[in-house]
Amino acid sequence: MPILFHCPWPNADEWRTALANRTRDEPVAWTDARAGSADVAAVWNAPPELFLAGPNLGLICSLGAGVDHLLQMQDHLSLKARLTRIVDPRMSQRMAIYGLAAVLRYHRRFDRYAIQQAEGRWEPCEGPDVDRFHVGVLGQGAIGTAIAEAVHQVGFRVTGWARTQKRPPAWPIVAGDDQLQALLPTLDAVILVLPLTPATRGLVNAGFLAQMKPGAVLINQGRGEHIVEPALINALDSGWLAGATLDAFGAEPLPVDNPLWTHPKVLITPHVAGLSNVETGAAVIAAEISRFRRGEPLHHEVRLELGY
Ligand code: OXD
C-alpha cells in the first residue's frame with residue numbers, strides 16, 4: 001500500500017530514502033500523489049488538497065515535533081486518521097544546545113559587548129552569578145525537559161512551566177495560569193517551547209510582557225504565533241525587555257520588511273533550533289508505522305483534544 005510523502009525541505013530526497021530503507025519489510029511505495037489508497041502519510045506542511053480523497057488514511061506522521069501544521073487542516077483529514085510526531089533525543093539535544101547558547105549569550109552579555117565593540121566602547125557590564133540568573137522554560141515535554149536540564153546542569157536557577165503539575169525533576173515545575181503570573185516577574189530569561197494550541201496562540205501579549213521582569217530576555221524556540229509581535233516590539237523599544245532571540249515566526253521565511261529583522265535588540269535564526277535529524281527521525285516514524293500496522297499502541301500519538 002502506498003505511503004503518502006510530502007516534504008518541502010531541500011533534503012526531501014534524503015528523507016524519502018531513509019524512510020523507504022526503514023520500511024523495506026512493508027509492502028509500500030512512497031508517493032507524493034494525492035492520498036488515494038494510502039493508509040499512512042508522512043508529511044510536513046502538506047497542502048490540504050493532498051489529503052482530499054484520502055479516506056483510507058489511518059495514520060499521519062509529522063516529519064517534525066510539531067503537529068500544528070496538521071491540526072490546522074483537520075477539516076481535510078479523514079476522521080479516522082490518528083496523528084503521530086517525531087520525539088527524538090537527537091532533536092531534543094539540538095534544542096537544548098540552542099536554548100543554552102541563547103541563555104549564555106545573555107548571561108555573559110555577549111549581546112551588549114557586540115554593540116559596544118561596534119561603537120568602540122570599553123564598558124564592563126557583567127551580570128549576576130549563574131545561580132542568581134533565573135531561567136523559565138515554558139513547556140515541559142521531551143524538548144522542554146532537555147532544555148531545562150541543560151541549563152540546570154550549568155548551574156542556572158531553572159523553573160519549568162507545564163499545563164499540569166508533573167513529578168518534580170531536579171528543578172521545580174509549576175502549572176496553570178496563576179503560577180505563570182507569579183513566576184514571570186522572577187525570571188531573567190523566558191524560553192518558549194510550547195506546542196501551538198488555542199491556549200498558547202498569542203500567549204506572549206502586552207499583558208504577559210508587562211509581567212516579565214524589567215531587563216529580562218525572551219527566547220522563542222516554539223512557534224511564532226505564541227508572540228504578539230507589535231507587543232514584543234513595544235516592550236523592546238520601551239526598554240522593558242533587554243532582548244529577544246527568535247527562531248520561529250508566524251510567516252516563514254520572515255518577510256523582508258518585517259521590523260524584527262533590523263531591531264537592534266533582536267537576534268533572528270531561520271527556524272533551525274531543532275531541525276529534524278533524517279536518520280533518527282526516520283527511525284522514529286518507521287517504528288510508529290510498524291506499530292500502527294501491527295495494531296500496537298503508538299508511542300508518540302497526538303492527543304487531539306490537547307493539540308499535541
Ligand atoms: C518541529 C520544528 O516542529 O522544527 O520539529 O519546528
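Summarised in this report is the structure supplied together with it.

Rules behind the numbers
Residues numbered from 1 in each chain as written. Predicted model: local features only at pLDDT ≥ 70, side-chain atom pairs only at ≥ 80, totals over all residues. Heavy atoms only, no water. Near = heavy atom within 4 Å. Polar contact = N/O pair within 3.5 Å; in protein donor to acceptor, adjacent residues only side chain to side chain. Areas by Shrake-Rupley, 256 points an atom, 1.4 Å probe, with all protein chains shown as cover. Nonpolar A, V, L, I, M, F, W, Y, C, P; charged D, E, K, R; others polar. Phe/Tyr/Trp six-rings, centres within 6.5 Å; stacked < 30°, edge-to-face > 60°. Helix = DSSP H or I, 4+ residues; strand = E, 2+ residues; numbered from the N terminus. Buried < 20%, exposed > 50% of the residue type's maximum accessible area, 1.4 Å probe, protein only. Core = buried A, V, L, I, M, F, W, Y, C linked by side-chain atoms within 4.5 Å. Contact = heavy atoms within 4.5 Å. Lys, Arg positive; Asp, Glu negative; His and termini not counted. Salt bridge = Lys/Arg side-chain N within 4 Å of Asp/Glu carboxyl O. Axes fitted to C-alpha atoms, helices over the stretch in contact; angles between N-to-C directions. Parallel < 35°, antiparallel > 145°, perpendicular 65-115°, else oblique. Left-handed = near helix turned anticlockwise from the far one by under 90°. 1 Å grid on protein atoms, 1.4 Å probe; cavity = no way out; pocket = protein on both sides within 12 Å on 5 of 7 lines; lining within 4 Å. Points joined across faces, edges and corners; volume = space filled by probe spheres on them. Pairing = 2+ DSSP bridges.

**Side note on the site of the ligand**
Close contacts around the ligand come from Trp 44, Gly 64, Ala 65, Gly 66, Met 91, Arg 223, His 271 and Gly 274, and that covers them all. A distance of 2.7 Å separates an oxygen atom of the ligand from a polar atom in the backbone of Ala 65. Take Gly 66: an N or O atom from its main chain is 2.7 Å from an oxygen atom of the ligand. Relative to its unbound accessible area of 210 Å², the ligand is 86% covered by the protein chains. The residue inventory of the shell around the ligand, partitioned by class, reads three nonpolar, four polar and one charged.

**Let's talk about the packing of aromatic side chains**
Two aromatic rings, taken as a pair, are described by how far apart their centres are and by the angle between their planes. Per the stated rule, a full pass over the model turns up three aromatic pairs. Ring centres of Phe 133 and Phe 156 lie 5.7 Å apart, and the angle between their planes is 65 degrees; this geometry places the pair in the edge-to-face category. In this pair, Phe 133 sits in the loop between helix H4 (110–118) and strand S6 (134–138) while Phe 156 sits in the loop between helix H5 (142–154) and strand S7 (157–162), placing the two residues 23 residues apart along the sequence. Note on Phe 156: relative accessible area 2%, which makes it buried. Members of the aromatic cluster, connected to one another through ring pairs, are Trp 9, Trp 15 and Trp 44.

**Remarks on the nonpolar core**
Ranked by internal contacts, the top residues of the largest apolar core, which has 50 residues, are Trp 15, Leu 19, Leu 63, Val 135 and Ile 147. For Ile 147, the residues in contact, after removing those within four places along its chain, are Met 95, Ala 96, Gly 99, Val 137, Ile 191, Val 193 and Gln 221. Listed in part, the 31 residues of the second largest apolar core include Leu 138, Leu 184, Leu 187 and Phe 208.

**Focus on the side chain of Asp 247**
Within the fold, Asp 247 resides in the loop between strand S11 (241–246) and strand S12 (266–268). Although buried, Asp 247 forms no salt bridge, and the nearest oppositely charged side chain, Arg 223, lies 7.3 Å from it. Within the structure, the side chain of Asp 247 is placed 2.8 Å from the backbone nitrogen of Val 272, a separation counted as a polar contact. At 2.9 Å, the side chain of Asp 247 forms a polar contact with the backbone nitrogen of Ala 273. Ignoring any residue separated from it by four or fewer positions in sequence, one finds Asp 247 in contact with Tyr 98, Asn 220, Glu 252, Thr 269, Pro 270, His 271, Val 272 and Ala 273.

**Quick look at the packing of helix H1 (residues 12–22) against helix H9 (residues 278–294)**
Interhelical geometry of H1 versus H9 gives an angle of 45 degrees and a closest axis separation of 9 Å. Here H9 runs oblique to H1, going by the angle between their axes. In the crossing of H1 with H9, the sense of the turn from one axis to the other is right-handed. In contact with Glu 14, Trp 15, Ala 18, Leu 19 and Arg 22 of H1, H9 contributes Val 278, Glu 279, Gly 281, Ala 282, Ala 283, Ile 285 and Ala 286. Split by residue class, the contact of H1 with H9 holds eight nonpolar, one polar and three charged.

**Focus: the packing of helix H3 (residues 89–107) against H5**
Packed helices, taken two at a time, are described by their axes: the angle between them and the distance between them. Packing of H3 against H5 brings their axes to within 8 Å, and their N-to-C directions diverge by 45 degrees. Taken together, the axes of H3 and H5 are oblique relative to one another. Handedness of the H3/H5 crossing: right-handed. For the pair H3 and H5, the contacting residues are Met 91, Ser 92, Met 95, Ala 96, Gly 99 and Leu 100 in the first and Ala 142, Ile 143, Ala 146, Ile 147, Ala 150, Val 151 and Val 154 in the second. Across the contact of H3 with H5, the residue classes break down as 11 nonpolar, two polar and no charged.

**Remarks on the layout of surface pockets**
Each pocket or cavity is described by its volume, and for the second largest pocket that value is around 390 Å³. Taken together, 21 residues line the second largest pocket, and the ones lying closest to its centre are Tyr 106, Asp 111, Arg 112, Val 217 and Ala 242. Where the lining of the second largest pocket is concerned, the elements lending two or more residues are H3, H4, strand S10 (216–220) and S12. Per element, the largest residue contribution to the lining of the second largest pocket is four residues, and it comes from H4. Taken together, the residues of the lining of the second largest pocket sort by class into 13 nonpolar, one polar and seven charged.

**Concerning empty space enclosed by the protein**
Where empty space is left can be seen by rolling a probe of water-molecule size over the atoms. Throughout the structure, instances matching the rule amount to one cavity of 30 Å³ or more. Quantified by volume, the largest cavity comes out at close to 30 Å³. Lining the largest cavity are Gly 224, Ile 227, Glu 229, Leu 246, Ala 248, Phe 249 and Leu 260. Of the residues belonging to the lining of the largest cavity, the class tally is five nonpolar, one polar and one charged.

**Describing the sheet that holds strand S8 (residues 173–175)**
Within the open sheet, the seven strands sit side by side as S8-S7-S6-S9-S10-S11-S12. Their pairing is parallel. Looking at the sheet topology across the chains shown, the edges are occupied by S8 and S12. Neighbour-to-neighbour, the strand axes of the sheet open up by a mean angle of 15 degrees, direction not taken into account. Packing of H3 onto the sheet brings it into contact with S6, strand S9 (189–192), S10, S11 and S12, and relative to S11 it is tilted by some 155 degrees.

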